[in-house]
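Listed below, chain by chain, are the residues.
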Number of protein chains: 2
Amino acid sequence: MSTNGKKKEGPSELDIFRDFLKRHGMRYTPERETIIKEIFATHEHFDVDSLYISMRQKGLRVSKASIYRLIPLLIQANLIEEVFFEKGQMHYEHTYGHEHHCHLRCQQCSKIEEFSDHRMAQIEEELTKRFNYKILRHRLEVIGLCSDCQKKAQAES
Amino acid sequence: MSTNGKKKEGPSELDIFRDFLKRHGMRYTPERETIIKEIFATHEHFDVDSLYISMRQKGLRVSKASIYRLIPLLIQANLIEEVFFEKGQMHYEHTYGHEHHCHLRCQQCSKIEEFSDHRMAQIEEELTKRFNYKILRHRLEVIGLCSDCQKKAQAES
DNA sequence: GTATCTGCAAACCCTTTGCAATAAG
DNA sequence: CTTATTGCAAAGGGTTTGCAGATAC
């Protein structure tokens, strides 16, 4: 089990996405560029609403609809992925350039710790053999109470 | 890694829930009983809408609101848990009486295989120490292509 | 030029909630 | 009797979509 966050070498997210759009007969627009830059500049995890608000505050004006329309494309291009659904909203994180990691989330305060674990690769390998699946990815979310929230809970009881 | 589905011994879901309600000053109603019986009789995984429809077809008439209001209680009582969110709906499965398991899902056809793995317990234990969290539960979803869908994909290319 | 994309606002759809009537304890 | 629960219908709130104008290519 190790901490995470190494940045891989390679073409930029924009390069990848530009190529993706070209291959699919879609267009590279200033709006798309703005959104992608914002996602990859400032957010590790994000949800549409907070992304939108943070962009507005910076004077970057794109509509929410454009963000919503962009997200499936970014997922298809393997640049981001859904990580969890909470309080009615889907949360995403960017994948490209980051090693895959798992999430440890505090049920109370929603704080998130990231970790990765070599055993996940073993598990995937065994599943491949056992069920004859071609494994694409996994999502591991561990839910618990962080030390702060444990203390608070004790204080209340 | 082992296959799953063993039924543990012990009090029934209704007993557990009755006790839970009493402890919280809540009431045991025919509606609640009907819904719980239906959940535990026929569904391994379920979502509110299909549960509601299936109950209606059997002539069991409870309102959707009552189902929605019951679910958080069942989660709190540790009888069911959220397993994944798909196509705008949360999906649940019952936990009580079943060993915890993980899901291997085919991205193409949504078929689900269940498995459990002792390494998850190890991982939880290590996370407890490392981050000082009190671990409550985890959700592991592995996504891939089942053998049938692999064949289909090959045939098409 | 033409097909795609944008912003807007309305529509959608799952879920939650206010309310008056009902029923559990 | 008191307070929780029910069903209904309306409200919420995140996401999707129809449309007309703008724009990438």
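A.B. asks: So, the overall build of chain A: which residues are in play, and what are the values?
C.D. replies: Helices and strands together make up the secondary structure of chain A, namely six helices and six strands. Tracing chain A from N to C terminus, the helices and strands come up as α-α-β-α-α-β-β-β-β-α-β-α. Taking the principal axes of the C-alpha coordinates as reference, chain A spans close to 55 × 45 × 30 Å. Expressed as a percentage of its 157 residues, the buried residues of chain A come to 41%. The long-range share in chain A, meaning contacts at least 24 apart out of those at least 6 apart in sequence, stands at 54%. Split by element, the accessible area of chain A, about 8,700 Å² in all, is 49% carbon and sulfur. Within chain A, the 24 negative side-chain charges are centred at a point lying 5 Å from the centre of the 25 positive side-chain charges.

A.B. asks: Please set out the nonpolar core residue by residue, giving values where relevant.
C.D. replies: The biggest cluster of nonpolar side chains holds 30 residues, and the ones touching the most others in it are Phe115 of chain A together with Phe115 of chain B. Of all the elements in the fold, those that place two or more residues in this core are β4 (102-106), α5 (118-131) and β6 (134-145) of chain A together with β4 (102-106), α5 (118-131) and β6 (134-145) of chain B.

A.B. asks: Explain the layout of surface pockets to me, and be specific about the residues and the numbers.
C.D. replies: It is the rolling of a water-molecule-sized probe over the atoms that shows where space remains empty. By volume, the largest pocket is sized at about 1,000 Å³. If you trace the largest pocket, you find 40 residues lining it, with Gln107 of chain A together with Ile75, Glu81, Glu82 and Arg137 of chain B closest to the centre. Listed by contribution, the elements that provide at least two residues to the lining of the largest pocket are β2 (80-86) of chain A together with α3 (48-57), α4 (64-76), β2 (80-86), β3 (89-94), α5 and β6 of chain B. A class-by-class count of the residues in the lining of the largest pocket yields 13 nonpolar, 14 polar and 13 charged. The calculated volume of the second largest pocket comes to roughly 850 Å³.

A.B. asks: Explain the confidence of the model for chain A to me, and be specific about the residues and the numbers.
C.D. replies: Residues of chain A with pLDDT of at least 70 account for 94%, and the chain-wide mean is 91. Confidence scores differ between elements of chain A, with helix α6 (residues 147-156) of chain A showing the lowest mean pLDDT of 85 and helix α4 (residues 64-76) of chain A the highest of 97.

A.B. asks: Describe the sheet that holds β2 of chain A, and please don't skip the residues or the numbers.
C.D. replies: All names here are of chain A. Sheet architecture is open: three strands sit in the order β1-β3-β2, paired in antiparallel fashion. Whereas interior strands pair on both sides, the edge strands pair on one side only; in this sheet they are β1 (45-46) and β2. Of the strand pairs in this sheet, β1 and strand β3 (residues 89-94) are connected by two bridges, and their pairing is antiparallel. Bridged to Phe46 within β3 is Tyr92.

A.B. asks: How would you summarise the interface of chain B and chain A if you had to cite specific residues and measurements?
C.D. replies: The partner chain A presents 39 residues to the 39 residues of chain B that form the contact. In total, about 3,800 Å² of surface goes out of reach between chain B and chain A, with carbon and sulfur atoms giving 60% of it. When residues of chain B are sorted by the area they lose upon contact with chain A, Arg119, Tyr133 and Arg139 of chain B head the list and together hold 17% of the total. For the pair chain B and chain A, the interface holds four salt bridges. The tally of links between chain B and chain A comes to 15 residue pairs in polar contact (both at pLDDT 80 or more).

A.B. asks: For the pattern of salt bridges, give the residues involved together with the corresponding values.
C.D. replies: Throughout the structure, instances matching the rule amount to 22 salt bridges over all chains. Here Lys37 of chain B makes a salt bridge to Glu33 of chain B, at a shortest N to O gap of 2.8 Å. Residue Lys37 of chain B and its partner Glu33 of chain B are both found in helix α2 (residues 30-42); the two are separated by four residues, about one turn of the helix. Residue class for Lys37 of chain B comes out partly exposed when judged on its relative accessible area of 44%. The salt bridge involving Lys111 of chain B is made with Asp148 of chain B; its shortest N-O contact spans 3.9 Å. Within this pair, whereas Lys111 of chain B is found in the loop between β4 and β5 (112-115), its partner Asp148 of chain B is found in helix α6 (residues 147-156), the two being separated by 37 residues in sequence. Since its relative accessible area comes to 33%, Lys111 of chain B is described here as partly exposed. For Asp148 of chain B, a relative accessible area of 38% puts it in the partly exposed group. In the salt-bridge network here, residues are joined through shared partners; they are Glu82 and Arg139 of chain A together with Glu86, Arg105 and Glu141 of chain B.

Parameters and conventions
Every chain is numbered independently, its residues counted from 1 as its sequence is written. Labels follow written order: the first chain is A, the first ligand is 1, and so on. Only residues with pLDDT of at least 70 are given local features in this predicted model, and only at 80 or more are side-chain atom pairs given and counted; all residues enter the totals for whole chains, interfaces and linings. As a rule here, side-chain values come from all non-hydrogen atoms in the structure, and water together with hydrogens is ignored. Numbered from the N terminus, helices here are DSSP runs of H or I no shorter than four residues, and strands are runs of E no shorter than two. Accessibility here uses a 1.4 Å probe with only protein chains present; expressed as a share of the type maximum, an area under 20% marks a residue as buried, one over 50% as exposed, and anything in between as partly exposed. Pairs of residues are marked as contacts when any of their non-hydrogen atoms sit within 4.5 Å. Methods summary: accessible areas were calculated by the Shrake-Rupley approach with a probe of 1.4 Å, and residue burial reflects only the protein chains presented. We count Lys and Arg on the positive side and Asp and Glu on the negative side, and we leave His and both chain ends out. To locate a charge, take atom NZ for lysine, CZ for arginine, CG for aspartate or CD for glutamate. Remark: nonpolar core denotes a set of buried residues (Ala, Val, Leu, Ile, Met, Phe, Trp, Tyr, Cys) joined through side-chain atoms within 4.5 Å. Residues are called lining when one of their atoms sits within 4 Å of a cavity or pocket point, these points coming from a 1 Å grid over the protein atoms alone, where a cavity is a set in which a 1.4 Å probe fits but cannot get out and a pocket is an open set with protein on both sides within 12 Å along at least five of seven lines. Grid points are joined across faces, edges and corners, and a volume is the space filled by probe spheres set on the points. Residues are grouped as follows: Ala, Val, Leu, Ile, Met, Phe, Trp, Tyr, Cys and Pro are nonpolar; Asp, Glu, Lys and Arg are charged; all remaining types, including Gly, are polar. The quantity known as pLDDT measures the predictor's confidence residue by residue, on a range of 0 to 100. Two strands are said to pair when DSSP picks up at least two bridges between them. Summed over both partners, the accessible area (1.4 Å probe) lost when two parts come together is defined as the buried area. Put simply, a salt bridge is a Lys or Arg side-chain nitrogen that is within 4 Å of an Asp or Glu carboxyl oxygen. Contacts described as polar in this section are N or O atom pairs within 3.5 Å, which, within protein, must combine one atom able to donate a hydrogen with one able to accept it, while residues neighboring in sequence count only if both atoms come from side chains.

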